Amino acid sequence: MQDTPHVPRFKFQPAAHTTWRGLSDIARFRPNTRPVEMLTEPVILRKIRQQPVALITDATATQKALFRHSSLFPKADVQQKLAYVAFGESLSGTTGAQNANQRQIMRQLLHSILGPSLQQVVQEATEDAITGWLQAGRINLSLALPELVLQVAWATLFGPGSYEGRDHDVLETAKRLDQADRGDFRGNAEVLRDLIQRFIDRRRWERLPHTNPFRHITNPDPVSQTGLTQSELLANAAGLAGSGHVTTGLTLAWALWLLGQCGTMQERLHERLKQAPNGTSAASLLALTNETMRLFPPATETMRRADYPLTIAGTRIEPGTLLIFSIYGLHRSPRYWSEPDAFKPERFLEASSLPPSGAFIPFSGGASGCLGAAIAREELRLILTEILKRITIRVSPGMAASVGLTAGVCLYPNQPLYAEVAAN
Ligand code: HEM
């Protein structure tokens, strides 16, 4: 098996031919084509329905607006409203003091999950999943991995902290999401809200520790105990499941699909995991997941509102402009990466081939950046370690060649990612 896997890409075409019917198209990461100028120009200025818009693929400006001066470039209204309509008062759908309060409470919760109990849940859930995969011999990675991540989330975030075997409600939810319209933000949120309702109906919240805010999800007056209202708790429960599971699940699916086309690289990883389960193998796995998220960033774009002027390579962007940072465009730009469409995890192991900060931003950043980045990274490492210790994945080059990309609530493959699995 040769080590040059098929890497699908969006089509690029002139900006003048790229049709955005409205801003919410961009907030849903649609359409499936990107303006070709984004590979050469640091910023493209347009007006969409009278709203000035700047499409940015400049690493310096991205670093400045998203990370260094994030308070001057707050979350964009259209992104926030879309989340509000879908999830309600979750931290993605709110702004200002309410948002800051929710972020602080949820950050503490996510921090408390990292550690030995997450490791144990991942080990048990992954072992269960692998047993099923080996029986089947052939699996759909883009369904199986999001499902595994949702099982882990169910047992850690919303469960008693221990895994009780594959859960029927979780399996059904993962299947429903896999079959849902990729661009239907509201419909996808509905499915997740159903799952939270079952969590409530089955009284799983009773077994949560008192420190977990979701313990108070059914309490009519939980404010004094958690700092969040009941509707905020419900919205954030569904919001966390939504933000965390397809993103992490599809990153795992793409990583295994790429490795399944790279026999030599996979063998090398198996060897490393056998010899040094926590040392050099951790660096190799980090490089693998970074390169996967570079090529297939789960969120292809993120947005901010310019409350302050921003100058990008000599072009002044006026306050009031909607800033769209193209994560996909930054990650595939020939200005920052050699062979941008090639799968080369080793580029993340060599300091000399690393791009400027701001050119690699899978989790976005700053005051509205991903709240689960640390937990996602830990899950990616733990789940890949368990899988690669136990099984070998093979993807037929013929099948791989027909896979393309679809933009929607996040970035998806346009067809199931099938793979053969066998015990090591
Ligand atoms: C590979 C996995 C993941 C990736 C690539 C990812 C990426 C992102 C990105 C790009 C954003 C948008 C930030 C912005 O608006 O600029 C985001 C938001 C968010 N993510 Fe993640 N994420 C991942 C996993 C997770 C996990 C596991 C959790 C929680 C357990 C999580 C929780 C959140 C939350 C709560 C937000 C909303 C922040 C807000 O709107 O203020 N994410 N994520």
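Residues numbered from 1 in each chain as written. Predicted model: local features only at pLDDT ≥ 70, side-chain atom pairs only at ≥ 80, totals over all residues.

### Some remarks on unusual backbone geometry
Piece 1. Phi at arginine 49 is positive, roughly 50°, even though this residue is not glycine.
Piece 2. Among the structural elements, arginine 49 can be located in the loop between strand S3 (43–48) and strand S4 (51–56).
Piece 3. For arginine 49, a count of 9 C-beta atoms within 10 Å translates into the label exposed.
Piece 4. Positioned with a positive phi, glutamine 50 is a non-glycine residue whose angle comes to about 70°.
Piece 5. For glutamine 50, the location among the structural elements is in the loop between S3 and S4. (Helix = DSSP H or I, 4+ residues; strand = E, 2+ residues; numbered from the N terminus. Buried ≥ 20, exposed ≤ 12 C-beta atoms within 10 Å, placed from the backbone.)

### Points about the nonpolar core
Piece 1. In this structure, Ala237, Leu256, Leu323 and Ile324 are the most contacted members of the largest nonpolar core, which totals 116 residues.
Piece 2. In terms of residues, this core owes the most to one element, helix H10 (residues 230–259), which gives 17 residues.
Piece 3. Once you skip the residues sitting within four places of it in the chain, isoleucine 324 turns out to touch Ile26, Val53, Ala54, Leu55, Ile56, Glu301 and Met303. (Core = buried A, V, L, I, M, F, W, Y, C linked by C-beta atoms within 7 Å. Contact = placed C-beta atoms within 7 Å.)

### Examining helix H3 (residues 77–87)
Because an α-helix completes one turn every 3.6 residues, residues spaced three or four positions apart along the sequence face the same direction.
Piece 1. If you check which residues of H3 are buried, you get Gln79, Gln80, Leu82, Ala83, Ala86 and Phe87. Seen from one end, H3 has its buried residues packed into an arc of 160°, which puts them on one side.
Piece 2. Close packing links the buried residues of H3 with helix H1 (23–27), helix H8 (185–201), H10 and strand S6 (301–305). (Arc of directions from axis to C-beta.)

### So, the sheet that holds S6
Each strand in a sheet pairs with another by means of backbone hydrogen bonds, the pair being arranged parallel or else antiparallel.
Piece 1. Strand order in this open sheet of 4 strands is S3-S4-S9-S6, and the pairing throughout is mixed. In the strand order of this sheet, the two ends are held by S3 and S6, each with one partner. Across this sheet, the average inter-strand angle for adjacent strands is 25°, counted without regard to direction.
Piece 2. By the bridge criterion, 5 bridges tie S6 to strand S9 (residues 322–326) in an arrangement that is antiparallel. Paired with arginine 304 across the strands is leucine 323, a residue of S9.
Piece 3. The sheet contacts of helix H2 (residues 59–68) involve S4, S6 and S9, and relative to S9 the element is tilted by about 120°. (Pairing = 2+ DSSP bridges. Axes fitted to C-alpha atoms, helices over the stretch in contact; angles between N-to-C directions.)

### Here's the deal with the site of the ligand
Piece 1. The immediate surroundings of the ligand are formed by 24 residues, with Ser243, Gly244, Ser364, Cys370 and Gly372 found nearest.
Piece 2. Secondary-structure elements contributing two or more residues to the shell around the ligand are H10 and helix H14 (373–390). (Near = placed C-beta within 6 Å.)

### Points about the UniProt feature "binding site: heme" (unreviewed entry) in the protein
Piece 1. The UniProt entry lists Cys370 under the feature "binding site: heme" (unreviewed entry), expressed in the numbering used here.
Piece 2. Relative to the helices and strands, cysteine 370 is located in the loop between helix H13 (327–331) and H14.
Piece 3. On the basis of neighbour counts, which here come to 19 C-beta atoms within 10 Å, the residue cysteine 370 falls in the partly exposed class.
Piece 4. For cysteine 370, the residues in contact, after removing those within four places along its chain, are Phe363 and Ser364. (UniProt positions renumbered as here; feature names shortened; annotations may be inferred.)

### So, the sheet that holds strand S5 (residues 138–140)
Piece 1. Pairing is antiparallel in the open sheet, where 3 strands are placed in the order S5-S13-S10. Looking at which strands have only one partner, the edges of the open sheet turn out to be S5 and strand S10 (391–394). Strand-to-strand, the axes of this sheet are offset by a mean angle of 35°, without reference to chain direction.
Piece 2. Alignment of S10 against strand S13 (residues 418–423), held across 4 bridges, turns out to be antiparallel. The residue bridging isoleucine 391 from the neighbouring strand is alanine 423, located in S13.

### What to know about the packing of H10 against H14
Piece 1. Viewed as axis vectors pointing N to C, H10 and H14 meet at an angle of 40°, and their least axial separation amounts to 10 Å. Classed by the angle they form, the pair H10 and H14 counts as oblique. The crossing of H10 and H14 is right-handed. In contact with Gly244, Thr247, Thr248, Thr251, Leu252, Ala255 and Leu256 of H10, H14 contributes Ala376, Glu379, Leu380, Ile383, Leu384 and Ile387. (Parallel < 35°, antiparallel > 145°, perpendicular 65-115°, else oblique. Left-handed = near helix turned anticlockwise from the far one by under 90°.)

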